[in-house]
Amino acid sequence: MIAGKDRGKRGRVLEARPSERRVIVENLNVAKRHTKPRPIRDSSRMGGAQIVPGGILEKAAPVPVGNVMVVCPVCGNPTRVGVVEKQVKGETIRVRVCKREGCGQELDR
């Protein structure tokens, strides 16, 4: 994260929502939701009614894409992403690379 209350923290992207221009990052931008206990419908009809426990649940909320950067696995710093075409077995493929000065390593391996 490069902005917001969790600035400087790192996490994996769990879900991308391109139409909303947001991503959900693991353990960042956590929101608390208070939920009531609720019975489960048609709980395989074995035994009595099962209940989903209530309480205070913590859930990762979506973050704007502009507040997130990719971390280079080689230099370990947040970086912008560049694209380079390279030849592999006679085919031209596009590869994402680190834009940091002096690094330039592939991000996708």
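Definitions and cut-offs
Per chain, residue numbering runs from 1 following the sequence as it is written. For a predicted model such as this one, the threshold for reporting local features is a pLDDT of at least 70, and the threshold for listing and counting side-chain atom pairs is 80 or more; totals across whole chains, interfaces and linings nevertheless cover every residue. Water and hydrogen atoms play no part in the side-chain values, which are based on all heavy atoms of the structure. Helix numbering and strand numbering both begin at the N terminus, where a helix is a DSSP run of H or I of at least 4 residues and a strand a DSSP run of E of at least 2. Two things to know: the radius of gyration comes from C-alpha atoms, and the globule rule equals 2.2 Å times the number of residues to the power 0.38. Note on exposure labels: buried denotes an accessible area under 20% of the residue type's maximum, exposed denotes more than 50%, and partly exposed covers the range between, all computed with a 1.4 Å probe on protein chains only. The criterion used for residue contact is that any of the two residues' heavy atoms lie within 4.5 Å. Note on areas: Shrake-Rupley with a 1.4 Å probe; residue coverage comes only from the protein chains shown. The working definition used for a salt bridge is a side-chain nitrogen of Lys or Arg within 4 Å of a carboxyl oxygen of Asp or Glu. We define a nonpolar core as any set of buried Ala, Val, Leu, Ile, Met, Phe, Trp, Tyr and Cys residues linked to one another through side-chain atoms lying within 4.5 Å. Here a cavity denotes a set of grid points, spaced 1 Å apart and computed over the protein atoms alone, in which a 1.4 Å probe fits but from which it cannot get out, and a pocket denotes an open set meeting protein on both sides within 12 Å along at least five of seven lines; residues with an atom within 4 Å of a point are reported as lining. Grid points are joined across faces, edges and corners, and a volume is the space filled by probe spheres set on the points. As a working rule, the residues Ala, Val, Leu, Ile, Met, Phe, Trp, Tyr, Cys and Pro are called nonpolar, Asp, Glu, Lys and Arg charged, and the rest polar, with Gly in that last group. Strand pairing is assigned whenever DSSP identifies at least 2 bridges connecting the two strands.

Tallying secondary structure elements over the protein chain gives zero helices and eleven strands in all. Going from the N terminus to the C terminus, the protein chain shows its helices and strands as β-β-β-β-β-β-β-β-β-β-β. In terms of overall size, the protein chain is more extended than a compact globule, its C-alpha atoms giving a radius of gyration of 21 Å where 109 residues would be expected to give roughly 13 Å. Residue burial in the protein chain is summarised as follows: out of 109 residues, 15% are buried. In the protein chain, the share of contacts with a sequence separation of at least 24, taken over all contacts with a separation of at least 6, comes to 40%. Taken as a whole, the protein chain presents about 8800 Å² of accessible surface, with 49% of it coming from carbon and sulfur.

In this section: the pattern of salt bridges. In total, this model carries six salt bridges according to the counting rule given. As a salt-bridge pair, Glu15 and Arg17 come within 3.1 Å of each other at their nearest N and O atoms. One salt bridge connects Glu106 with Lys86, and the closest N-O pair in it is separated by 2.5 Å. Taken together, the residues span a long stretch of sequence, with Glu106 in the segment after strand S11 (91-98) and Lys86 in strand S10 (residues 81-88) at a distance of 20 residues. Overall, Lys86 belongs to the partly exposed group, its relative accessible area being 31%.

A word on the nonpolar core. The biggest cluster of nonpolar side chains holds five residues, and these are Met1, Val23, Val25, Leu28 and Val63. Those residues in contact with Met1, other than ones at most four positions away along the chain, are Asp6, Arg7, Gly8, Lys9, Leu28, Val63, Asn67 and Val68.

Our next topic: the layout of surface pockets. By volume, the largest pocket is sized at about 290 Å³. Lining the largest pocket we find 17 residues, and of these Met1, Gly11, Val68, Met69 and Val71 sit closest to its centre. At the level of secondary structure, the elements contributing two or more residues to the lining of the largest pocket comprise strand S2 (22-25) and strand S8 (70-71). In terms of residue class, the lining of the largest pocket is built from twelve nonpolar, two polar and three charged.

Let us look at the environment of Lys89. Structurally, Lys89 can be placed in the loop between S10 and S11. What makes Lys89 exposed here is its relative accessible area of 86%. C-alpha separation for the pair Lys89 and Pro39, spaced 50 residues apart in sequence, amounts to 57 Å.

The next point concerns the pairing of strand S1 (residues 13-17). The pairing of S1 with S2 spans four bridges and is antiparallel. Along S2, the bridge assignment pairs Val13 with Val25. Remark: four residues form the turn of the hairpin made by S1 and S2, two consecutive strands paired antiparallel; Arg21 in that turn has positive phi of roughly 55°.

Coordinates in, geometry out; function isn't part of it.
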